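The primary structure of each chain is shown beneath.
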Amino acid sequence: MSVRFVGTYTPKLDDKGRLTLPARFRDALAGGVMVTKGQDHSLSVYRAEEFDVIAGKIVEASRNDPEARAFQRYFFASSEEQRPDGQGRITLSADHRSYAGLSKECVVFGSFDHLEIWDAAAWRDYQSQHEENFSAANSAALNAVL
């Protein structure tokens, strides 16, 4: 099944560390997900099938490159398999919640092939810091297409 993860959602993290994934993606994620530490102190959520494709590329690249092996170790050591419950919730580990600085207010958004989970305040700060870059890139992309 081809899935495009797009859009922004604002679920709350409960006291048990559970986060409800967006309802529109639940069918695509029902087979299981992999949660990893992402970029910029966010978490990444991949469908199990997509994670396996990425994992294969990481393993292949790391065979002869010490920096790639270091990345491989970090990536896999910080990955956790989850199966959403009947309400579409996953339980985020204490390590993942700490890494991403998650509070009760979270933001989940689509990054085409995966979801990203951010603390809501951190996401607002990130957006405000990068708004000018986005505007410039958006203008450049439109000019290239037109």
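Residues numbered from 1 in each chain as written. Predicted model: local features only at pLDDT ≥ 70, side-chain atom pairs only at ≥ 80, totals over all residues. Heavy atoms only, no water.

1. Notes on the packing of aromatic side chains
- Under the definition given, this model contains 11 aromatic pairs.
- Three or more aromatic residues link up through ring pairs in this structure, and these residues are Tyr 46, Phe 51, Phe 71, Phe 75 and Phe 76. (Phe/Tyr/Trp six-rings, centres within 6.5 Å; stacked < 30°, edge-to-face > 60°.)

2. Thoughts on the UniProt feature "domain: SpoVT-AbrB" (unreviewed entry) in the protein chain
- The UniProt entry lists residues 8-50 and 79-122 under the feature "domain: SpoVT-AbrB" (unreviewed entry), expressed in the numbering used here.
- Across residues 8-50, helical content stands at 16% and strand content at 35%; the span's end C-alpha atoms are separated by 20 Å.
- Span residues 79-122 is 23% helix and 36% strand, its end C-alpha atoms 22 Å apart. (UniProt positions renumbered as here; feature names shortened; annotations may be inferred. Helix = DSSP H or I, 4+ residues; strand = E, 2+ residues; numbered from the N terminus.)

3. Focus: the sheet that holds strand β4 (residues 43-47)
- With antiparallel pairing, 6 strands are arranged side by side in an open sheet as β1-β7-β8-β4-β3-β5. Each end of this open sheet is capped by a strand with a single partner; those strands are β1 (8-9) and β5 (80-82).
- Relative to β4, strand β3 (residues 33-37) is paired through 5 bridges, and the arrangement is antiparallel. Looking across to β4, one finds that Lys 37 is bridged to Leu 43.
- Packing against the sheet, helix α2 (residues 48-61) makes contact with β3 and β4, and its axis sits at approximately 105° to β4. (Pairing = 2+ DSSP bridges. Contact = heavy atoms within 4.5 Å. Axes fitted to C-alpha atoms, helices over the stretch in contact; angles between N-to-C directions.)

4. A few points about the nonpolar core
- Leu 43, Leu 92, Leu 102, Leu 115 and Ile 117 are the most contacted members of the largest nonpolar core, which has 21 residues in total.
- At the level of secondary structure, the elements contributing two or more residues to this core comprise α1 (26-29), β3, β4, α4 (94-100), β7 (106-110) and β8 (115-119).
- In this structure, Leu 102 is in contact with Leu 13, Leu 43, Leu 92, Arg 97, Ile 117, Trp 118 and Asp 119, ignoring residues within four places of it in sequence.
- The next biggest cluster of nonpolar side chains, apart from the first, holds 7 residues, and it includes Met 34, Tyr 46, Ala 55 and Ile 58. (Core = buried A, V, L, I, M, F, W, Y, C linked by side-chain atoms within 4.5 Å. Buried < 20%, exposed > 50% of the residue type's maximum accessible area, 1.4 Å probe, protein only.)

5. Observations concerning the pattern of salt bridges
- Applying the stated rule across the entire model yields 6 salt bridges.
- A salt bridge links Lys 37 to Asp 95; the shortest N-O distance between them is 3.3 Å. A residue pair is termed long-range when its members are at least 10 positions apart, and Lys 37 in strand β3 and Asp 95 in helix α4 qualify at 58 residues.
- The class for Lys 37 is buried, based on a relative accessible area of 16%.
- A salt bridge links Glu 49 to Arg 47; its shortest N-O distance comes to 3.5 Å.
- Here Glu 49 falls in the partly exposed class, since its relative accessible area comes to 46%. (Salt bridge = Lys/Arg side-chain N within 4 Å of Asp/Glu carboxyl O.)

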